[in-house]
Amino acid sequence: MRVVVAGGAGFLGSHLCERLLAGGAEVICVDNFLTGRPENVDPLRALDGFRMLRRDVTGPVDVAGPVDTVVHLASPASPVDYRALPLETLAVGAWGTRRLLELARRKGARFVLASTSEVYGDPQVHPQPEGYWGHVNPVGPRSMYDEAKRFAEALTTAHRATHGTRTGIVRIFNTYGPRMRADDGRVVPTFITQALRGRPVTVAGDGSQTRSLCYVDDLVGGLVRMLDAEHPGPVNLGSPRELSVLELARLVVGLCGEQVPIVFVPRPPDDPSVRRPDVTLADEVLDWRPAVDLADGLARTVGWFRERAAGPPPTLVPRQSGAPRSWAGGG
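Residues numbered from 1 in each chain as written. Predicted model: local features only at pLDDT ≥ 70, side-chain atom pairs only at ≥ 80, totals over all residues. Heavy atoms only, no water.

Caption draft 1: Layout of the overall build of the protein chain. Of regular secondary structure, the protein chain possesses ten helices and 13 strands. Its C-alpha atoms give the protein chain a radius of gyration of 19 Å, near enough to 20 Å, the size a compact globule of 331 residues would have. Burial analysis of the protein chain (331 residues in total) assigns 55% to the buried set. In the protein chain, 82% of the contacts between residues at least 6 apart in sequence involve partners at least 24 apart. Split by element, the accessible area of the protein chain, about 13400 Å² in all, is 54% carbon and sulfur. One finds the centroid of the 38 positive side-chain charges in the protein chain at a distance of 4 Å from the centroid of its 37 negative side-chain charges. (Helix = DSSP H or I, 4+ residues; strand = E, 2+ residues; numbered from the N terminus. Rg over C-alpha atoms; globule rule 2.2 N^0.38 Å. Buried < 20%, exposed > 50% of the residue type's maximum accessible area, 1.4 Å probe, protein only. Contact = heavy atoms within 4.5 Å. Areas by Shrake-Rupley, 256 points an atom, 1.4 Å probe, with all protein chains shown as cover. Lys, Arg positive; Asp, Glu negative; His and termini not counted. Charge placed at Lys NZ, Arg CZ, Asp CG, Glu CD.)

Laid out in structure tokens, this is it:
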């Protein structure tokens, strides 16, 4: 099997490339390293089944030879990244999705879009089933990411209806694990990095807002099952275990073993109050459910960050002079 993974040098993408290679697939990783990192895939370059293409998927994308599956993970995915790169985020959701759909159509390949729980916005239905249409602010501070993914879902659906492209959509809920950037603004790396550096752990609002966290190995397992399926989706992938952000902060501080205070900071606009997937459909059509316990997964993640705590945090790759603004990095 030959698989194109757009955004393959990002956090999720690199884990997916690794899993596919371990299963015997040939992997063509496409990324421009705007938010993805070369070091995420450097260990894979020596493998015969791995090929790296530095490309902007908002431009023409072609791959020589047959392709069985195209996976679209290319997008800034953290609040820090998509707020710094709003036009790029919208471009990869629109033009990047179209280019990759066209590639899949030409090759007769299965296409799987990695969408997000953010399409549900600040939900008024809890937990969130795939049939819920969401509660999203289209002009708010998160709108560039929310609406890029919502448009990508609509375009994927239209391509299937118009051209018969074998598409699938997964909606990925909060995922954590090794290879997250320390500075990407998401809650787990932020709490871990603060605690390991002996700094106060900053909780937004009163910390009563909830999240459901899925370890990356589990999430990638669900993605692989979706690649092998023919279900059009959308299918939620995430953990059904819900906890408050304050509970998470206390758990992380305990696992880090540092005596640091928890402090409260203003809550950002449009921050979801609750977030938990209904994963009934994933169980039924993919025979998938997460297995890694939260404390175990967080301990593994803390260990990974601890090994790298001495060095400076990685940053976004600066845009080269004259480079187009329509980048499509791997988040």
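Picking up where we left off.
Caption draft 2: Fine view of the packing of helix H1 (residues 11-22) against helix H7 (residues 216-228). Packing of H1 against H7 leaves a shortest axis separation of 10 Å and a crossing angle of 65°. When the axes of H1 and H7 are compared, the crossing they make is right-handed. Along the contact surface, H1 presents Phe11, Leu12, His15, Leu16, Arg19 and Leu20, while H7 presents Val216, Asp217, Leu219, Val220, Gly221, Leu223, Val224 and Leu227. Of the residues assigned to the contact of H1 with H7, the class counts are ten nonpolar, two polar and two charged. (Axes fitted to C-alpha atoms, helices over the stretch in contact; angles between N-to-C directions. Left-handed = near helix turned anticlockwise from the far one by under 90°. Nonpolar A, V, L, I, M, F, W, Y, C, P; charged D, E, K, R; others polar.)

Caption draft 3: Just the packing of aromatic side chains, in detail. In this structure the tally under the stated criterion is five aromatic pairs. Between Tyr176 and Tyr215 the ring centres are 5.5 Å apart and the planes differ by 65°, which places this aromatic pair in the edge-to-face class. In this pair, Tyr176 is assigned in strand E7 (residues 175-176) and Tyr215 in strand E10 (residues 214-215), connecting sequence segments 39 residues apart. Among the residues examined, Tyr215 registers a relative accessible area of 5% and is labelled buried. By the ring-pair criterion, three or more aromatic residues cluster together here, those being Tyr120, Tyr132 and Phe173. (Phe/Tyr/Trp six-rings, centres within 6.5 Å; stacked < 30°, edge-to-face > 60°.)

Distances and angles like these do not, on their own, reveal function.
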